[in-house]
Amino acid sequence: MVEEAIGWNGLLQGGKMLLIKDCVASPGSFLLHYLINRLLTSSEYQSSSSAAPLVVFLALSEPVHHYNRILRKQGCNLVAYQDSGSIVLMDMLSLAGMMEKVICTPVDSGSKSTGVSSKCLLSEVYQNVLENLRKHPGRPAWIIIDDVSVLEVVSQGSNIDLLDFIHYCRALSSSEQSCSLVLLVHQDIYQSSEEVVTLIKHLEHWADTVINVAPLSTGSAIDVHGQMTIIHRTSYNTKCHANLMVFTDPKKELYSLHYKILENTVHFFPPGKHF
């Protein structure tokens, strides 16, 4: 059901940007796990002429073994897919290695201090992503970032450098190789900063689809862990599921779903119904 709401009929659509906004009370990382599992294990790619996607995962929020443990419970062996070249993992240790390459000397040659330029570091990350895409020409790629707030730290608080990095990642999609971008952002940690709220507005403007993950408006419940509001900024030309709550206007389509997180999967269902 969630695939239908997001606009995925059959194979996942390429060349799109998906923004997931969550909060402390309702983390949205489960959607990243769900998406990665779907991309790596879907049998629909095996039965179609389309090439299986390449996933470039910037796993910055948690250690790699955290993601591996969760996905293994869902029947996805992340290590095996990494060995086969289906997914490329870049964690904080990878960034630490890149940092050693980009120690930049100041423009002022008379100064003895050195430092790491955020632009140089993000450029190194981008080049690493680009190199992995070039190793698989024509193969659809998905760049998944968990999460934007960590990249903001990497950019040393420079929203301009961070937006430039995301813009260049979006621009990787071409007629020869589609490239989609998935971002997770914690919106409630930015409410006190006007500058960073502007960052989120930029991301929302770029996104083809925005998913808001939030607690239930009616309070906590045993059978429902939270609600998702899915907003399409572009048309997908798909039929609406009869059970989905749909509101339309000339610029966007809005869907509402509830979810329940289990040990080895996630269930999605329309509001008012129980799994």
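None of the values given here were measured: they were computed from a predicted structure.

Participant: I tried to follow the packing of aromatic side chains on my own but got confused; where do I start?
Facilitator: When we look at a pair of aromatic rings, we describe it by the centre distance and by the angle of the planes. One pass over the full model with this rule turns up four aromatic pairs. Where Tyr126 meets Tyr168, the ring centres are 5.8 Å apart and the plane angle is 50°; that geometry is what we call tilted. Separated by 42 residues along the polypeptide, Tyr126 in helix 6 (residues 118-134) and Tyr168 in helix 8 (residues 159-170) bring together distant segments of the chain.

Participant: Help me understand helix 2 (residues 29-41), please; the structure alone is not making it clear to me.
Facilitator: Helical periodicity: at 3.6 residues per turn, an α-helix aligns residues three or four positions apart in one direction. When the terminal C-alpha atoms of helix 2 are compared, their 18 Å separation across 13 residues agrees well with the 18 Å that a helix rising 1.5 Å per residue should span. For helix 2, the buried fraction is high: 11 of the 13 residues fall into the buried class. Every buried residue belonging to helix 2 is among Phe30, Leu31, Leu32, His33, Tyr34, Leu35, Ile36, Asn37, Arg38, Leu39 and Leu40, and all of these are buried.

Participant: Help me understand the nonpolar core in this model?
Facilitator: One recurring pattern in soluble globular proteins: nonpolar side chains tend to sit buried together. Of all hydrophobic cores here, the largest spans 39 residues; its most connected members are Leu58, Ile143, Phe165, Leu183 and Leu203. For this core, the element with the most residues is helix 6, which contributes seven residues. Setting aside residues up to four positions removed in sequence, Leu58 forms contacts with Met90, Val125, Val129, Ile143, Ile144, Ile145, Asp146 and Phe165.

Participant: How do you make sense of the pairing of strand 12 (residues 266-269) when you look at a structure like this?
Facilitator: Looking down a regular strand, the side chains alternate between one sheet face and the other. Burial along strand 12 is two-sided: Val266 and Phe268 and His267 and Phe269, pointing in opposite directions, are all buried. Pairing of strand 11 (residues 253-261) with strand 12, which is carried by four bridges, proceeds in the antiparallel orientation. Its bridge partner lying in strand 12, His258 is registered against Phe269. Taking the residues between adjacent antiparallel strands as the criterion, strand 11 and strand 12 are bridged by four residues.

Participant: What should I look at first to understand the environment of Val182 in this one?
Facilitator: Of note, Val182 is situated in strand 7 (residues 179-186). Each residue touching Val182, except ones within four places of it in the same chain, is listed here: Leu18, Ile20, Leu32, Leu35, Trp142, Ile143, Ile144 and Ile145.

Participant: Whenever I open this one, the pattern of salt bridges confuses me. Can you help?
Facilitator: If the charged atoms of two oppositely charged side chains come close together, the side chains can form a pair. Tallied over the entire structure, the rule returns three salt bridges. For the salt bridge of Lys21 with Glu204, the shortest nitrogen-to-oxygen distance reads 2.3 Å. Of the two residues, Lys21 is situated in strand 1 (residues 17-22) and Glu204 in helix 9 (residues 194-206); the sequence distance between them amounts to 183 residues. The class of Lys21 is buried, set by a relative accessible area of 8%. Of the charged contacts in the structure, one is a salt bridge between Glu263 and Lys73, with a shortest N-O distance of 2.9 Å. Remark: Lys73 occurs in helix 3 (residues 64-73) and Glu263 occurs in the loop between strand 11 and strand 12; sequence separation between them is 190 residues. A relative accessible area of 43% means that Lys73 is categorised as partly exposed.

Participant: Any chance you could explain the confidence of the model for the protein here in plain terms?
Facilitator: Averaged over the protein, the pLDDT score is 80; the fraction of residues at 70 or greater is 75%. In the model, residues 104-114 has pLDDT below 50 throughout and makes nine contacts with residues more than four positions away in sequence or in other chains.

Participant: Just checking my understanding: could you explain helix 3 for this structure?
Facilitator: Inspection of helix 3 places His66, Tyr67, Asn68 and Leu71 among the buried residues, and these make up the whole buried set. Within two residues after helix 3, Gly75 carries a phi angle of roughly 85°, on the positive side.

Participant: Help me understand the environment of Gly226 in this model?
Facilitator: Tracing the chain through its elements places Gly226 in strand 9 (residues 226-232). What makes Gly226 buried here is its relative accessible area of 0%. Not counting residues up to four positions away in its chain, the partners in contact with Gly226 are Ala214, Leu216, Leu257, His258 and Tyr259.

Participant: Is there a simple way to think about the side chain of His232 in this case?
Facilitator: Note that His232 resides in strand 9. In terms of polar contacts, His232 uses its side chain to reach the side chain of Thr209, at 3.1 Å.

Participant: I tried to follow the side chain of Asn132 on my own but got confused; where do I start?
Facilitator: Tracing the chain through its elements places Asn132 in helix 6. Looking at Asn132, the relative accessible area reads 11%, which means it is buried. One polar contact links the side chain of Asn132 to the main-chain carbonyl oxygen of Asn128, over a distance of 2.8 Å. Dropping the residues within four chain positions of it, Asn132 is found in contact with Leu54 and Val88.

Participant: I keep staring at the packing of helix 2 against helix 3 and nothing clicks. Help me out?
Facilitator: Their axes nearest at 10 Å, the elements helix 2 and helix 3 cross at an angle of 65°. With respect to their mutual orientation, helix 2 and helix 3 come out roughly perpendicular. Here helix 2 and helix 3 pass one another in a crossing that is right-handed. Counted together, His33, Ile36 and Asn37 of helix 2 and Tyr67, Ile70 and Leu71 of helix 3 form the full contact between these two elements. Of the residues in the contact of helix 2 with helix 3, the class split is four nonpolar, two polar and no charged.

Each value, and the rule that gives it
Residues numbered from 1 in each chain as written. Predicted model: local features only at pLDDT ≥ 70, side-chain atom pairs only at ≥ 80, totals over all residues. Heavy atoms only, no water. Phe/Tyr/Trp six-rings, centres within 6.5 Å; stacked < 30°, edge-to-face > 60°. Helix = DSSP H or I, 4+ residues; strand = E, 2+ residues; numbered from the N terminus. Expected span 1.5 Å × (residues − 1). Buried < 20%, exposed > 50% of the residue type's maximum accessible area, 1.4 Å probe, protein only. Core = buried A, V, L, I, M, F, W, Y, C linked by side-chain atoms within 4.5 Å. Contact = heavy atoms within 4.5 Å. Pairing = 2+ DSSP bridges. Salt bridge = Lys/Arg side-chain N within 4 Å of Asp/Glu carboxyl O. pLDDT = per-residue confidence, 0-100. Polar contact = N/O pair within 3.5 Å; in protein donor to acceptor, adjacent residues only side chain to side chain. Axes fitted to C-alpha atoms, helices over the stretch in contact; angles between N-to-C directions. Parallel < 35°, antiparallel > 145°, perpendicular 65-115°, else oblique. Left-handed = near helix turned anticlockwise from the far one by under 90°. Nonpolar A, V, L, I, M, F, W, Y, C, P; charged D, E, K, R; others polar.

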